[in-house]
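# Topology and contacts: notes
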2 protein chains.
Amino acid sequence: ALAAEVLSGTNLAKRIRSTAADAITVKQNEVPGFKPSLVIIQVGSRPDSSAYVRMKLKASKESNIHCEVIRLAEDVSERELLNHIEKLNDDTNVHGVLIQLPLPKHIDEVKITNSVVSAKDVDGFDRYNTGELAKRGGQPLFLPCTPHGCMKLLEESGVELSGKHAVVIGRSDIVGTPVAAMLRNADCTVTIVHSRSTNIPEIVRGADIVVAAVGRPNFVKGEWIKPGAVVIDVGINYVADSTKKSGQRLVGDVEYETAKEKASFITPVPGGVGPMTIAMLVENVKLAAERQLQKESQLARIT
Amino acid sequence: ALAAEVLSGTNLAKRIRSTAADAITVKQNEVPGFKPSLVIIQVGSRPDSSAYVRMKLKASKESNIHCEVIRLAEDVSERELLNHIEKLNDDTNVHGVLIQLPLPKHIDEVKITNSVVSAKDVDGFDRYNTGELAKRGGQPLFLPCTPHGCMKLLEESGVELSGKHAVVIGRSDIVGTPVAAMLRNADCTVTIVHSRSTNIPEIVRGADIVVAAVGRPNFVKGEWIKPGAVVIDVGINYVADSTKKSGQRLVGDVEYETAKEKASFITPVPGGVGPMTIAMLVENVKLAAERQLQKESQLARIT
Ligand SMILES: NC(=O)C1=CN([C@@H]2O[C@H](COP(=O)(O)OP(=O)(O)OC[C@H]3O[C@@H](n4cnc5c(N)ncnc54)[C@H](OP(=O)(O)O)[C@@H]3O)[C@@H](O)[C@H]2O)C=CC1
Ligand SMILES: NC(=O)C1=CN([C@@H]2O[C@H](COP(=O)(O)OP(=O)(O)OC[C@H]3O[C@@H](n4cnc5c(N)ncnc54)[C@H](OP(=O)(O)O)[C@@H]3O)[C@@H](O)[C@H]2O)C=CC1
């Protein structure tokens, strides 16, 4: 059997980020004050969240984006968190506001994500963006980063999407549901499966494209993969591994070694969707800053 | 073969509407001024739109709902239409505002449907409701009427939805997409097919539940239906029929006679989803009026 071509998110993300960095530099030569700026709010100190925040900070800086992190205590009140967001909403020097999820249980996540103004919602999670994405001809201001990263990887494979059968495993608001909407908008036939679904192996066997966003290590078996299918593995799972210094190892939601023998293209974990998520965030902050600049120069022309 | 049980929308809709009418009367005995009120705006005079508006008007009145129709000329400007909507948005005596679709080409339908305040959007089409419906734990203020009617018919069948495979044919913003979201929220595995899909017969053959919203007479063949499946036919199509006085006959998107031999439950056309759409509208107007009343009595208590 031919092994799948590996769709490297690391390489593609690097290209996207350096293109963004170049575009920002070009713009700065035109408009000296131009400096895309992102503020990340992290509540509490979950180690995984801290790791994500570190990566976002690093990638932003490398792309010539100003990035600040506001770290709030685990027991911060919802009101205080909202105060921070409102201040950032009003600050014209801030273009993107990102609330690192998950939030502690006492805070209403839906309320908080909806309190970021749509023009700065670089995560794409607020009601405006979600509603627009759900529609056929909708015009979201930002695409959510992880699903958008999945779509870029599919694009990179060069595989024609129209009319293909895509199976999305998982229906979360941040991955499964929006990626299903994007695949439908790209003219795929889309099946969404989740923890209540029966016959998942059989459904996956019919898929030309598989997007796994389950959060269970090696959930999708290689033998489920239709020969020639494209496999996008969103999962990020840590499993015990005594051969590693850290005692653990990162694996996806797909049994990589066996799936690789069946698929035409497959994303690795790590180095697949993960880095793409960050690259799409950089893209969104750049976009937000460009829009803000355009708005300001329109205002300047009027007044 | 056993023939399917017919899921009568006419009967169920009658029950829902009379329950709503009774509840409104009860409330009026408590609060004499209580009178749910709907305003429908019709632009132009398409005969199908006029027929729908007539039905909505009649059903509202029968359910003890005040209903007015504002009829605007085909060439009304977008600005004038918006002025009407804004006035209705501000009028506390109006609880529901419905823009009869489709609108003429020179008017931006998305802009118009989004201009109705969410609290009066009894069609459930604005961005707030669409965004909330798209989410897992979303809280739409109103469910869109036709998809909600489909779900009520499924409920009426008594068939357990969790884990079942539902195939939705069509991905429009008013039927296919929202019904797919509702089925997913009801824990179905959901496949969405559309005009770019290949292998539709095969996909339908795997379905425990089929929702057809295609707009093509007899599109779904009886031989595609898995024995025992539940079939919801949303289609409203007129086909030539010289045996009828009008010269035409109403048919659905499903080849009814053959599908009936395979399905466990099937909705007829006419008399299936159509009347349910109207009943769900009545429900939404009642809901809007109850919410408005509650808001007013809360305000009265505060001041
Ligand atoms: N690469 C990246 O940048 C990112 C990676 N991730 C990773 O992606 C994965 C998914 O994330 P997220 O969507 O947030 O996770 P959630 O836990 O929110 O959602 C998981 C989904 O998988 C479904 N599921 C769980 N168990 C099963 C099962 N046994 N069979 C079928 N479906 C199942 C759930 O179903 P139900 O709805 O019924 O509960 C749910 O819809 C995680 O590993 C996460 O770490 C997430 C975000 C970004
Ligand atoms: N009972 C009721 O109260 C109501 C009934 N209806 C009826 O429901 C039907 C659908 O309405 P609506 O959703 O507004 O219609 P639209 O025309 O907006 O959408 C039709 C959908 O069907 C898909 N489609 C068209 N042709 C094919 C094909 N050959 N194979 C597969 N899919 C196809 C289209 O695909 P694509 O997206 O690729 O174009 C589209 O997604 C109509 O008959 C309408 O009259 C509608 C509203 C209320």
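Residues numbered from 1 in each chain as written. Chains lettered and ligands numbered in written order. Predicted model: local features only at pLDDT ≥ 70, side-chain atom pairs only at ≥ 80, totals over all residues. Heavy atoms only, no water.

## A word on the interface of chain B and chain A
Many authors give the size of an interface as the accessible area that is lost as the parts come together. Between chain B and chain A, the contact holds 31 residues from the first and 31 residues from the second. Here chain B packs against chain A, burying approximately 2700 Å² in sum over the two surfaces, 51% of which is carbon and sulfur. For chain B, the biggest contributors to the area lost against chain A are B:Arg127, B:Lys135 and B:Arg171; these three give 22% of the whole. On inspection of chain B and its partner chain A, the count reaches six salt bridges. The closest approach of N and O atoms between A:Arg171 and B:Asp187, which form a salt bridge, is 2.8 Å. Along the contact surface separating chain B from chain A lie 17 residue pairs in polar contact (both at pLDDT 80 or more). Counting only elements with at least two residues in the side of chain B that touches chain A, the list comes to helix 4 (109-115), helix 5 (127-134), helix 7 (176-185) and strand 6 (189-193) of chain B. At six residues, the largest contribution of residues to the side of chain B that touches chain A is made by helix 5 of chain B. When grouped by side-chain class, the residues that make up the side of chain B that touches chain A number nine nonpolar, 13 polar and nine charged. As judged from the three bridges shared by strand 6 (residues 189-193) of chain A and strand 6 of chain B, these two strands associate in the antiparallel manner. Residue pairing across strands places A:Thr191 opposite B:Thr191, the latter belonging to strand 6 of chain B. (Contact = heavy atoms within 4.5 Å. Buried area = accessible area lost by both parts, 1.4 Å probe. Salt bridge = Lys/Arg side-chain N within 4 Å of Asp/Glu carboxyl O. Polar contact = N/O pair within 3.5 Å; in protein donor to acceptor, adjacent residues only side chain to side chain. Helix = DSSP H or I, 4+ residues; strand = E, 2+ residues; numbered from the N terminus. Nonpolar A, V, L, I, M, F, W, Y, C, P; charged D, E, K, R; others polar. Pairing = 2+ DSSP bridges.)

## A short note on the packing of aromatic side chains
All names here are of chain A. Here the structure, examined in full by the defined rule, presents two aromatic pairs over all chains. Relative to tryptophan 224, the ring of phenylalanine 219 lies with its centre 5.7 Å away and its plane at 90°, an arrangement referred to as edge-to-face. A relative accessible area of 23% means that phenylalanine 219 is categorised as partly exposed. Since its relative accessible area comes to 9%, tryptophan 224 is described here as buried. We note arginine 291 situated over the ring of phenylalanine 142; from NZ or CZ to the ring centre the distance is 4.9 Å. (Phe/Tyr/Trp six-rings, centres within 6.5 Å; stacked < 30°, edge-to-face > 60°. Buried < 20%, exposed > 50% of the residue type's maximum accessible area, 1.4 Å probe, protein only. Lys NZ or Arg CZ within 6 Å of the ring centre and 35° of its normal.)

## What to know about the sheet that holds strand 1 (residues 5-6) of chain B
Reading across from one edge, 1(A)-11(A)-8(A)-7(A)-5(A)-6(A)-6(B)-5(B)-7(B)-8(B)-11(B)-1(B) is the order of the twelve strands in this open sheet, with mixed pairing throughout. A strand with exactly one partner marks an edge of an open sheet, and here the two such strands are strand 1 (5-6) of chain A together with strand 1 of chain B. With respect to the sheet, helix 7 (residues 176-185) of chain A is in contact with strand 5 (165-169), strand 6 and strand 7 (209-212) of chain A together with strand 6 of chain B, its orientation differing from that of strand 5 of chain A by roughly 170°. (Axes fitted to C-alpha atoms, helices over the stretch in contact; angles between N-to-C directions.)

## Section: the relation of the copies chain B and chain A
Each copy of the sequence occupies a distinct position, and chain B is placed on chain A by a rotation of 180° and an axial shift of 0.0 Å, giving an RMSD of 0.0 Å. The superposition of one copy onto the other is thereby described by a two-fold rotation axis. Among all C-alpha atoms of chain B, that of B:Gly131 lies closest to the rotation axis, at 1.7 Å. An overlap of 100% is found between the interface residues of chain B and their copies at the interface of chain A, pointing to a shared contact surface. (Least-squares fit on C-alpha atoms with pLDDT ≥ 70 in both.)

## What to know about the domain arrangement of chain A
Taken domain by domain, chain A holds domain 1 (30-118) and domain 2 (145-273). Here the C-alpha centroids of domain 1 of chain A and domain 2 of chain A sit 28 Å apart. (Domains from an automatic or database assignment.)

## Some thoughts on the site of ligand 1
All names here are of chain A. Near ligand 1 you find 22 residues, and of these Arg171, Ser172, Ser195, Arg216 and Thr277 are the closest. One nitrogen or oxygen atom from the side chain of threonine 277 is found 2.8 Å from an oxygen atom belonging to ligand 1. Here ligand 1, which alone exposes 920 Å², has 74% of that area covered by the protein. Split by residue class, the shell around ligand 1 holds nine nonpolar, ten polar and three charged. (Near = heavy atom within 4 Å. Areas by Shrake-Rupley, 256 points an atom, 1.4 Å probe, with all protein chains shown as cover.)

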